Amino acid sequence: MKEIPLLAALLALSNTCTVNGLYCLECRDAISPRHCHTVKRCYPGEVCYVEKEQTINGLDTYNMGCYSPQICNSTRSGTNCIECCTTDACNMLGCNHQGHPQNLGLLCFGCQQTLNPSLCDRITECTLDQICHLKEIHEYGDVYYSSGCANKHVCSDKLPDIFGRRSSELCQQCCSSDLCNNGCYSTTSVPSTTATTTEATSMTTHIKTQTTRITTPSNPTTPTPTTPTPTIPTPTIPTPTTPAPTIPTPTIPTPTTPNPTTPAPTTIQMTTHAQLYIDCLEIYQHHQTSSGVYTIHPWGLLDRSADVYCDMDTQGGGWTVIQKRLDGSLNFDRVWNDYKHGFGQADSEYWLGNDAISKLTTANNSSLLVLITLNNGRTLYETYYNFAVSGENDRYRLHLGGTATGTLGDGLLNVTDSSQLNGMAFSTLDRDNSNHCARSWRGGWWFNRCYSAFLNGPYHTTRWPWHPAIDSSSVISRTSMMIRRN
């Protein structure tokens, strides 16, 4: 089995994480565990698991990922096998399936387009004559990265400089150990813990470093206030007073001066696409400090984005709004997929989407700020300094920690009896993980028999409180939930 090198590589990566959780393969309905090509970092205390299920057609499928240890001793309808393990990527085998065969080459990160190579969560298997490869690409003013396997000659020292070495404008990394191509480094060996930490601290840091290195002189003490000036030279347009060039061959016509109505060449694409932001905090840090609707790229992909409302005024600004209700015009009693992808409009009422919320809060430690404005104009708030939502495989489970402060009162975490919502899975009317609370109270939320706080219920009813401060939504005018990286 080719398990040891993969585990060693993932263990080296895990030492750089701010949260010391396992790395587990994560897939649903795979034909076998070793055919899963997605890696996920778990929360502390979670284990890797493999679950074997049989479909209605008699086909065996496998689910893998992170989960609380309680799943290891559970029995679920339709499940033939559940096995757990407690080392990185150990769930590549299980339920009578072997791991990766010995005759494979390297295991490398493999993302065709990502804004930050350290956030790639796909792995690919190379042949014996291939190495791990990472390439920085400039296209239409954007900078992104492509990672995967490549033939060994790509980075040969005998080839021109475009292959295998960092230049002043581009990075191309080749390395020869498992999962080593998660960042651009100065050597072809596995990066040290310090180097990995520098590259993988956040997408924001990495993108800023690359943009500065490409387009402006390095200045580590002064942040770049505006979008870097493009370095593509503007073509010179001959003017009517410029003499025509001498033409040695009579049969070749002399170039003519462009018609005055011809549009001048432009480099607008470099200024409008030079920066893609992962969240509202990064937008704020780039001196866009007006509250409003912006486009963000939480997944680090050029072709996947989300429109959000950015609150640039409250408590220092840079807040990404994940829920906003103004007048009850939008129905929040929705099915699972609606809450997964998001619904509504960012300039009005909306839910950002559980996929985006999970991506934003699991990539970085984040805070949650809840604002409720009453009909009398008074606004109450509560701030949670450790907030995260896990992925769909874990049913978008709510994770809260630390303390909560504010004028609203803690309705989520430190609540008496069985009402606290920490650790609860998300529920909707068609996928209720909460003893029918979502169906009974008509809204998607994290329920626990059923709630002490609930902001997605029907507008202006008694089914929309925040205990202990508010016991009826009849006094609520508007609400918002927003997150920000710590």
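Residue indices follow the written sequence of each chain, beginning from 1 at its first position. The predicted nature of this model means local features are confined to residues of pLDDT at least 70 and side-chain atom pairs, given and counted, to a pLDDT of 80 or more, with totals for whole chains, interfaces and linings taken over all residues. By convention in this description, side-chain values take in all heavy atoms of the structure and omit both hydrogens and water.

### Section: the overall build of the protein
How we decide: Each helix is a run of H or I in the DSSP string that is no shorter than four residues. Each strand is a run of E no shorter than two, and both are numbered from the N terminus. Note on definitions: a residue-residue contact is assigned when non-hydrogen atoms from the two residues lie within 4.5 Å. Values of accessible area rely on a 1.4 Å probe in the Shrake-Rupley scheme; residue burial ignores everything except the protein chains shown.
Counting secondary structure elements, the protein contains eight helices and 23 strands. Sequence separation of 24 or more characterises 58% of the internal contacts of the protein that already satisfy a separation of 6 or more. Per element, the accessible surface of the protein, about 23400 Å² overall, is 52% carbon and sulfur.

### Overview of the pairing of strand E11 (residues 172-175)
Where a strand is regular, its side chains alternate between the two sheet faces. Basically, it comes down to this: Partly exposed residues are those whose accessible area sits between 20% and 50% of the maximum for their type, while under 20% is buried and over 50% is exposed, using a 1.4 Å probe and protein chains only. For two strands to pair, DSSP has to find at least two bridges joining them.
Here E11 shows two buried faces, one formed by Gln172 and Cys174 and the other by Gln173 and Cys175. In terms of strand pairing, strand E9 (residues 130-139) meets E11 through four bridges, oriented antiparallel. Counted as the bridge partner of Lys135 is Gln172 from E11.

### Some thoughts on the sheet that holds strand E10 (residues 142-151)
Working definition: the strands of a sheet are paired by backbone hydrogen bonds and lie parallel or antiparallel to each other. For the record, the criterion: Angular values range over 0 to 180 degrees, each being the angle between N-to-C directions of two axes fitted as lines to C-alpha atoms, with helices fitted over their stretch in contact.
Ordered in space as E10-E9-E11, the three strands form an open sheet in which the pairing is antiparallel. The open sheet has two edge strands, E10 and E11, and neither has a second partner. Neighbour-to-neighbour, the strand axes of this sheet turn through a mean angle of 15 degrees, independent of strand direction.

### Here's the deal with the environment of Ile470
Among the structural elements, Ile470 can be located in the loop between strand E22 (445-446) and strand E23 (476-485). For the pair formed by Ile470 and Ile372, sequence separation is 98 residues and the distance between their alpha carbons is 9.7 Å.

### Remarks on unusual backbone geometry
Located in the positive-phi region is His287, a residue other than glycine, with phi close to 70 degrees. Note on placement: His287 falls in the loop between helix H5 (280-285) and strand E12 (292-296). One non-glycine residue, Gln315, lies in positive phi territory at about 45 degrees. Within the fold, Gln315 resides in the loop between strand E13 (306-311) and strand E14 (319-325). With relative accessibility at 38%, the residue Gln315 sits in the partly exposed group.

### Structural notes on the state of the cysteines
The condition that has to hold: Whenever a pair of cysteine sulfur atoms sits within 2.5 Å, that pair is classed as a disulfide.
A complete count under the given rule lists nine disulfides for this structure. The partner cysteine of Cys81 in its disulfide is Cys95, sulfur to sulfur 2.1 Å. Taking the sign of the S-S torsion, about -90 degrees here, the bridge from Cys81 to Cys95 comes out left-handed. Residue Cys81 is found in strand E6 (residues 79-85), and its partner Cys95 is found in the loop between E6 and strand E7 (107-109); the two are separated by 14 residues along the sequence. Of the two residues examined, Cys81 and Cys95, each falls in the buried class.

### Some words on helix H7 (residues 354-363)
Of all 10 residues making up H7, seven are buried, and the element is well covered by its neighbours. For H7, every residue scored as buried is listed here: Asn354, Asp355, Ala356, Ile357, Ser358, Leu360 and Thr361.

### Here's the deal with the pattern of salt bridges
What counts is decided by this rule: Salt bridges are defined as contacts in which a side-chain nitrogen from Lys or Arg sits within 4 Å of a carboxyl oxygen from Asp or Glu.
Evaluated as defined, the whole model comprises seven salt bridges. In this structure, Arg485 and Asp279 form a salt bridge, with 2.5 Å as the shortest nitrogen-oxygen distance. With Arg485 in strand E23 and Asp279 in the loop between helix H4 (268-272) and H5, the pair connects residues that are 206 residues apart, well separated along the chain. Judged on exposure class, the residue Arg485 and its partner Asp279 are both buried. Salt-bridge contacts for Arg334 lead to Asp338; the nearest nitrogen and oxygen are separated by 3.7 Å. Arg334 sits in the partly exposed class, given a relative accessible area of 22%. Each member of the salt-bridge network shares a partner with another, and the members are Lys340, Glu392 and Arg431.

### Observations concerning the environment of Leu128
Relative to the assigned elements, Leu128 resides in the loop between strand E8 (123-125) and E9. We classify Leu128 as exposed; its relative accessible area is 61%. Each C-alpha atom of the pair Leu128 and Leu106 lies 7.3 Å from the other, and the pair is 22 residues apart in sequence.

### Quick look at the side chain of Gln323
Put simply, the test is: As used in this structure description, the phrase polar contact means that two N or O atoms lie within 3.5 Å; if the pair is within protein, one of them must be able to donate a hydrogen and the other to accept it, and residues adjacent in sequence are counted only when both atoms belong to side chains.
The topology assignment puts Gln323 in strand E14. Within the structure, Gln323 has its side chain in polar contact with the side chain of Thr479 (distance 3.1 Å). If near-sequence neighbours (up to four positions away) are discounted, Gln323 is found in contact with Phe332, Tyr350, Trp351, Leu455, Asn456, Thr479, Ser480 and Met481.

### What about the packing of aromatic side chains?
Heads up, the rule is: Whether two aromatic rings pair depends on their centres lying within 6.5 Å, for rings of Phe, Tyr and Trp, where Trp uses its six-membered ring; planes under 30 degrees apart make the pair stacked, over 60 edge-to-face, and the rest tilted. Only lysine NZ and arginine CZ atoms are considered, and such an atom sits over a ring when it is within 6 Å of the ring centre and within 35 degrees of the ring normal.
Per the counting criterion, the structure on display carries 13 aromatic pairs. Judged by centre distance (5.1 Å) and plane angle (75 degrees), the ring pair of Phe332 and Phe343 falls under edge-to-face. Of this pair, Phe332 sits in the loop between E14 and helix H6 (336-341) while Phe343 sits in strand E15 (residues 343-344), and the two are 11 residues apart along the sequence. Here Arg304 stacks its cationic end above the ring of Trp299, 3.9 Å away from the centre of that ring.

### Overview of the confidence of the model for the protein
In plain terms, the rule: By definition, pLDDT measures how confident the predictor is in each residue, and it falls between 0 and 100.
The share of residues in the protein with pLDDT of 70 or more is 69%, and the mean pLDDT across the chain is 74. Considering only residues more than four positions removed or in separate chains, one finds that residues 254-258, a stretch of pLDDT under 50, has 10 contacts.

### Examining the environment of Glu349
Among the structural elements, Glu349 can be located in the loop between E15 and strand E16 (350-351). On the basis of relative accessible area, Glu349 is assigned to the buried category, the value being 2%. Each C-alpha atom of the pair Glu349 and Phe332 lies 9.7 Å from the other, and the pair is 17 residues apart in sequence. With residues near it in sequence (within four places) discarded, Glu349 still touches Lys324, Arg325, Leu326, Asp327, Gly328, Ser329, Leu330, Phe343, Gly344 and Tyr459. A polar atom in the side chain of Glu349 sits 2.6 Å from the backbone nitrogen of Leu326. Separated by 2.8 Å, the side chain of Glu349 and the backbone nitrogen of Leu330 make a polar contact.

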